[in-house]
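# Understanding the architecture of this molecule
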Amino acid sequence: MTPLVPLVMFGWLPFVIWLFRVLRARHAVIAGFLLGWMFLPQHTFVIPGVPNYSKIMAMSLGILLGTLLFNSQVLSRFRLHILDLPVLIWGFVPFFTALSNNLGVYDGLSATLDQLTTWGLPYFIGRLYFYDRQALKELAFGIFLGGLIYIPFCLWEVVMSPRLHRIIYGFHPHDFGQTKRMGGWRPVVFMEHGLMTAMWMITAFLSGYQLFRSGWLQRKFPDWKWFWLPALIVLLITIILNKSTGAMGLLALGLLVLHVLYWTRWSLPLLVILLVPVIYVVARGTGAWDGQHLIDGAARVASPERTGSLAFRLDNETILVDKATERFFLGWGGWGRSFVRDAEGRPVSVPDGLWILAFGQHGVIGLASLLTVLIMPPLLFLRMYPVVSWRGPPVAPLASLPILMGIFTVDSLLNAMFNPLILILAGGIIGLWINRHQQKAEVYDNRMQLAARPVTRLF
């Protein structure tokens, strides 16, 4: 680890405060979070008595300090709502898990603080700053712009191998062997894993694609009309070069659902995406389905290597589910207690999916609250803005956001690639629902006009 690691991690706080001084508060939040997510090192400082100081903690704490110093009035407007209950349950369940496992109050408080800072703070920031359509459009643009900024770094690592994190910060954040794919390299840049980088890039592409498709980019930046389509094409090429089969599959799924919703004005495809994780978790969690059909399907379209990886994950899920059901309601807690071990205490299971980690550590209560945090906002978005209204300027630029949350939840079935921006989206959409009556008339009028229009061309 180079001296640059503590310098940038602790220097991030004054940097974000400076952003609040020179930018509008909401733009400072977007810049502070996105730049930190893309470029801060994958390192956590363990400081006794306080939550671990990770990159997510640095980003969130910097924004909270900037808010207190330059935009404190936004805090006075915040009110807890019943819809915030799922994220609160997910944040506090580690405390009750620790008590139920006799791990002690200190362990419970420590785990709760870590959960609240990792998940609760990004959600809270979303509730504070992204509770209207204009704010969410700016967030979607920031995500797209972040993906464009990442293109040269990804392309460099495609050619030179994923070593930027090692060059700048002195260490590789993950097993370097996992960066080899299809005779080349899968970029990692400054994220934890190549899968995380790939998911970030498809998130950026879907955000930018819908902003372009809706005409928002062209209206907002008329002098740059010539730039956006080539930028999207280069971003798509970069995604392909990332060599992540799963991410490309989710990108194709997201685009398919986006277009089906657009042409049919039927919400069922998105509802199916949101329902799939629930069905999968129930089927796998109860042992009603062994996943063999999924493996057989993958064998027909993917390489033997990827099929073997999927089979390995599902086999591990099966034994981890058996262990998790021993403490069904509140789980086993941290410290690897939910893992299956051999007679000598060595782990023989490898948890990959976010859902099985949540089930094993925090039981069905934690798992249900996590799924609710991820699935409820897209459902509320659909309730607030029926698909027929997605063609008009007020809503069309936002159409990718509930889909992004849906495909992230699907990805979480097999991977644990946490993305705090999804929590910001969740908080923002919840805030949008709470403040929905302020903007209802405009969208309703626009929807009535669009319902009578014939289907038009894509662009």
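For the structure itself, look to the data block above.
Residues numbered from 1 in each chain as written. Predicted model: local features only at pLDDT ≥ 70, side-chain atom pairs only at ≥ 80, totals over all residues. Heavy atoms only, no water.

### A short note on unusual backbone geometry
As a rule of thumb, non-glycine residues mostly have phi less than zero, and peptide bonds are mostly trans rather than cis. Stated precisely, the cut-off is as follows: In this text, helices come from DSSP runs of H or I with a minimum length of four residues, and strands from runs of E with a minimum of two, each type numbered from the N-terminal end.
Even without being a glycine, Val 189 presents a positive backbone phi close to 55°. By secondary structure assignment, the location of Val 189 is in the loop between strand S2 (184–185) and helix H9 (194–213). The phi dihedral of Trp 335 falls on the positive side, at around 65°, and the residue is not glycine. Its place among the elements puts Trp 335 in the loop between helix H15 (304–324) and helix H16 (354–384).

### Examining the environment of Leu 109
Note the following rule: Between buried and exposed lies partly exposed: a residue is buried under 20% and exposed over 50% of the maximum accessible area for its type, with that area taken using a 1.4 Å probe on protein chains only.
Position of Leu 109 relative to the elements: it lies in helix H6 (residues 105–129). For Leu 109, a relative accessible area of 45% corresponds to the partly exposed category. Placed 271 residues apart in sequence, Leu 109 and Leu 380 show a C-alpha to C-alpha distance of 32 Å.

### Here's the deal with the pattern of salt bridges
Basically, it comes down to this: Any Lys or Arg side-chain nitrogen located within 4 Å of an Asp or Glu carboxyl oxygen qualifies as a salt bridge.
One pass over the full model with this rule turns up three salt bridges. One salt bridge in this structure joins Asp 84 and Arg 127, with 3.0 Å as the shortest N-O distance. Here Asp 84 is found in the loop between helix H4 (73–76) and helix H5 (85–100), whereas its partner Arg 127 is found in helix H6, with 43 residues between them in sequence. Summarising the burial analysis for this pair, Asp 84 and Arg 127 share the class buried.

### Points about helix H11 (residues 225–241)
Threshold: Expected helix span is computed as 1.5 Å times (number of residues minus one). Throughout, a residue-residue contact means that at least one pair of heavy atoms, one from each residue, lies within 4.5 Å.
In this model, H11 (17 residues) spans 26 Å end to end at C-alpha, consistent with the 24 Å of a helix rising 1.5 Å per residue. Where H11 is buried, its residues touch helix H7 (133–160), H9, helix H10 (216–220) and helix H12 (245–264). Trailing H11 by a residue or two, Lys 243 shows a phi angle of about 60°, which is positive.

### Some remarks on the nonpolar core
For the record, the criterion: Working definition of a nonpolar core: buried Ala, Val, Leu, Ile, Met, Phe, Trp, Tyr and Cys residues. They are joined through side-chain atoms within 4.5 Å.
In this structure, Phe 130, Leu 136, Tyr 150, Trp 200, Leu 235, Trp 355 and Trp 390 are the most contacted members of the largest nonpolar core, which totals 134 residues. Among the elements that line this core, the one with the most residues is H16, at 16 residues. When neighbours within four sequence positions are excluded, Tyr 150 is seen to be in contact with Met 38, Phe 39, Val 189, Phe 190, Met 191, Thr 197, Trp 200 and Met 201.

### Notes on the packing of aromatic side chains
To keep things clear, this is the line we draw: Centres within 6.5 Å make a pair out of two Phe, Tyr or Trp rings, where for Trp the six-membered ring is used; the pair is then stacked when the planes are under 30 degrees apart, edge-to-face when over 60, and tilted otherwise. For a ring to carry a charge above it, either NZ of a lysine or CZ of an arginine must fall within 6 Å of the ring centroid while also lying within 35 degrees of the normal to the ring plane.
In this structure the tally under the stated criterion is 32 aromatic pairs. Aromatic side chains Trp 226 and Phe 227 sit 5.7 Å apart centroid to centroid with 75° between the ring planes, which places their arrangement in the edge-to-face category. The class for Trp 226 is exposed, based on a relative accessible area of 60%. Residue class for Phe 227 comes out partly exposed when judged on its relative accessible area of 26%. An aromatic cluster of three or more residues is present, and its members are Phe 141, Phe 144, Trp 216, Phe 221, Trp 224, Trp 226, Phe 227 and Trp 228. It is Arg 391 that lies over the ring of Tyr 262; its NZ or CZ is 4.3 Å from the centre. Arg 436 extends its terminal NZ or CZ atom over the ring of Trp 433, reaching a point 3.9 Å from the ring centre.

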